[in-house]
Amino acid sequence: MADDEKMKHQTLRIIAYCLGVLAWLLIIVGIVFTIIIGIAAATVIARVAFVLGGLVITAVSAAGLLAASKMIYLLTDMGDDLKEIKAILKEK
């Protein structure tokens, strides 16, 4: 029974970890592609616009993935803590 309780949220924790890794990969790839596209732009204004736009889109997307990852961790930890509280209250 104890193993079932430990493994209950294992899939959610794996998904949360993968979302965190995906967010960091998105940051790296987004910055590299933003620089490449910025260098290839024709005018200075276009370069600045592509670089700023690319960095903002990368930051917002990565923040969303990181927030989803942390939210999954938070909810699974809350569930575990609530089970502990329930067990303590049942003992009393």
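Residues numbered from 1 in each chain as written. Predicted model: local features only at pLDDT ≥ 70, side-chain atom pairs only at ≥ 80, totals over all residues. Heavy atoms only, no water.

Draft legend 1. Molecular detail of the overall build of the protein. If you tally the helices and strands in the protein, you get 3 helices and 0 strands. Going residue by residue from the N terminus, the α and β elements of the protein occur as α-α-α. In terms of principal-axis extent, the alpha carbons of the protein reach across some 70 × 20 × 10 Å. Taken over 92 residues, the protein has a buried fraction of 16%. A fraction of 76% describes how many contacts in the protein between residues 6 or more apart in sequence connect residues 24 or more apart. Both charge centroids of the protein, one from 9 positive and one from 8 negative side chains, sit 7 Å from each other. (Helix = DSSP H or I, 4+ residues; strand = E, 2+ residues; numbered from the N terminus. Buried < 20%, exposed > 50% of the residue type's maximum accessible area, 1.4 Å probe, protein only. Contact = heavy atoms within 4.5 Å. Lys, Arg positive; Asp, Glu negative; His and termini not counted. Charge placed at Lys NZ, Arg CZ, Asp CG, Glu CD.)

Draft legend 2. Quick peek at a nonpolar patch on the surface. Residues Ile 28, Val 29, Val 32, Phe 33, Ile 36, Ile 37 and Phe 50 make up a contiguous nonpolar surface patch of roughly 660 Å² in combined accessible area. When residues in the nonpolar patch are grouped by element, the largest group, 6 residues, is from helix α2 (residues 10–40). Residue position: Phe 50 is located in helix α3 (residues 44–91). Classification of Phe 50 as partly exposed rests on a relative accessible area of 47%. (Patch = residues over 30% accessible without salt bridge, like charges linked within 9 Å, V, L, I, M, F, W, Y side chains within 5 Å. Areas by Shrake-Rupley, 256 points an atom, 1.4 Å probe, with all protein chains shown as cover. Salt bridge = Lys/Arg side-chain N within 4 Å of Asp/Glu carboxyl O.)

Draft legend 3. Here's a closer look at the packing of α2 against α3. Direction vectors running N to C along α2 and α3 enclose 175 degrees, while the axes themselves pass 9 Å from each other. Taken together, α2 and α3 sit at an angle that is classed as roughly antiparallel. (Axes fitted to C-alpha atoms, helices over the stretch in contact; angles between N-to-C directions. Parallel < 35°, antiparallel > 145°, perpendicular 65-115°, else oblique.)

Draft legend 4. Structural context of the side chain of Thr 58. Along the chain, Thr 58 turns up in helix α3. For Thr 58, a relative accessible area of 11% corresponds to the buried category. Those residues in contact with Thr 58, other than ones at most four positions away along the chain, are Leu 26, Ile 27, Gly 30, Ile 31 and Thr 34.

Keep in mind these numbers describe shape, not what the thing actually does.
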